[in-house]
Amino acid sequence: MSYSISVLSLIVLPFMYHWLFSTIYLFLSGHSGNSPVVEGFGSFVMDMFSIGSDLDLSVNFGNIVGTFPRDMKIKTLRKFAKKFYSLQREGHVIGVQAIMTARVPIIKFIDCGTGIECDLSVENRDGIQKSQILHIVSGIDERFQKLSFLMKAWAKAHNINSPKDRTLSSLSIIQLVAFHLQTRDPPIIPPFCTLFEDGTDPVIVVKRVKNYSEFGKGNKESLADLFITLLVKVASVENLWQKGLCASLYQGSWTSKLWDTPYISVEDFTDLSQNVARAVGREQFKEIYGCIHSSLCHLLSFSDGHIQGHQLVDLLFGSDSVSIVPRQIDTESNDESKANLAVPLNGHQTKRMRVSKGLKEKQQGEGWRGGQQTQGWKQHGNWKKGKEENKPMAGVEEHN
């Protein structure tokens, strides 16, 4: 995986930047006072991308003071849209779409030379800042990056990683991963509020993060453990989101918030008034949870010996998972020698026993089964009477 990242970073991304910057430069020639800079953000900058990931790009103007008004962003993007439609007619790009009604207006297009889908925005400094911060925080423990990659591959395989289709955005998935690591016992990464004591400037955050380089060493959970417990944790709160449950990375704990779109609530760690999972719709919420429950059932089927390891990987990550995720999962340690999910899911009885034991422990610890309270949720006074409405395993099949 590191090789593919380096190839994409060293060859494809510079090429895309050069091509796009040249297009922008030529387009803006004659517009005095504009000094456009193309900056990447999102999964490529966070080093949490997979085959098929979009390339997020922002055109920033160095002479802008203060906030760049939304109407100016739309006006600028419309000018770019005309240029990209022209490039589409010439065969350089395809699939050009101007989406101006989104919270962050963008132009979508696919580069014909690389096949990479790009999302172009204007002055998206918030997206750039978040990407840089998450990349910095991922340096505290390598399991953050690996689990994010794994969860995105899982979500893509189940077609629930598309905010335009009202499912989960990549940012919301990555933040749920971060939240899960914050709420382990012991925690693997700290609450973001401790990293932001001196501000949210990435340059300052880098300095703060250096003080937490050993933070997660006390937690020995493997990547497989964390993958299972994250699914269990989200499954256990299915009936609590609409009651105000919210995952707060800033606090590193569950909190209470009522949003206009209450289906899944993940607080924006730089703007606490925003929900990064706001795109999720009612029917898509049911679809997401159907995927979570079915995946947990597949894990139990494997632990009971009903399916083989390669079948489990295909069910979790898709039949083409060999090109998306490693086909081996380590359930014993997170040593560097096994950091890439290094113990095979080969169907051996010992492996089934470990997965089965892990699932049973996680069900009890996370409150997924038997009406337990969600870990960490009971500490909030507003929810003293709020027990989870969990279903027994037999009931999970209803969602399949």
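Presented here is an overview of the structure given in this document. Model, not experiment: these values are computed from the prediction. (Residues numbered from 1 in each chain as written. Predicted model: local features only at pLDDT ≥ 70, side-chain atom pairs only at ≥ 80, totals over all residues. Heavy atoms only, no water.)

## Considerations on the pairing of strand S3 (residues 93-99)
This is how it is decided: One requirement defines pairing of two strands: DSSP has to find at least two bridges between them. What counts as a helix is a DSSP run of H or I of at least four residues, what counts as a strand is a run of E of at least two, and both are numbered from the N terminus.
Direction of pairing for S3 relative to strand S4 (residues 106-111): antiparallel, over a ladder of five bridges. Bridge assignment links valine 93 to a residue of S4, and that residue is aspartate 111. Where S3 hands over to S4, the hairpin turn is made up of six residues, counted between the paired strands.

## With respect to the packing of helix H5 (residues 142-157) against helix H6 (residues 170-182)
Going by this rule: The angle between two axes is taken between their N-to-C directions and runs from 0 to 180 degrees, where each axis is a line fitted to C-alpha atoms and a helix contributes only its stretch in contact. Roughly parallel means an angle under 35 degrees; roughly antiparallel, over 145; roughly perpendicular, 65 to 115; everything else is oblique. Two helices that cross are described as forming a left-handed crossing if the nearer one is turned anticlockwise from the farther one by less than a right angle, and a right-handed crossing if clockwise. A contact between two residues is defined here by any heavy atoms of the two lying within 4.5 Å. Residues are grouped as follows: Ala, Val, Leu, Ile, Met, Phe, Trp, Tyr, Cys and Pro are nonpolar; Asp, Glu, Lys and Arg are charged; every other residue, Gly included, is polar.
Between H5 and H6, the shortest axis-to-axis distance is 9 Å and the interhelical angle comes to 135 degrees. Here H6 runs oblique to H5, going by the angle between their axes. Our pair here, H5 against H6, has a crossing hand that is right-handed. Across the interface between the two elements, Arg143, Phe144, Leu147, Ser148, Met151, Lys152 and Ala155 from H5 touch Ser170, Ile173, Ile174, Val177, Ala178, His180 and Leu181 from H6. Classifying every residue of the contact of H5 with H6 gives nine nonpolar, three polar and two charged.

## What about the sheet that holds strand S6 (residues 245-248)?
As summarised here, the arrangement of the three strands in space is S7-S6-S8, forming an open sheet in which the pairing is mixed. If you trace the sheet from one side to the other, it starts and ends with strand S7 (253-256) and strand S8 (266-267), each paired once. Sheet analysis places S6 next to S8, joined by two bridges and oriented parallel. Across the sheet, alanine 247 pairs through a bridge with valine 266, a residue of S8.

## Details of the sheet that holds S4
Across the sheet, which stays open at both edges, the five strands sit in the order S1-S2-S5-S4-S3 with mixed pairing between neighbours. For this open sheet the edge positions go to strand S1 (36-41) and S3, each flanked by a neighbour on one side alone. Taken over all neighbouring pairs, the strand axes of this sheet differ in orientation by 25 degrees on average, direction set aside. Lying over the sheet, helix H3 (residues 70-89) contacts strand S2 (55-61), S3, S4 and strand S5 (117-122), oriented at roughly 160 degrees with respect to S3.

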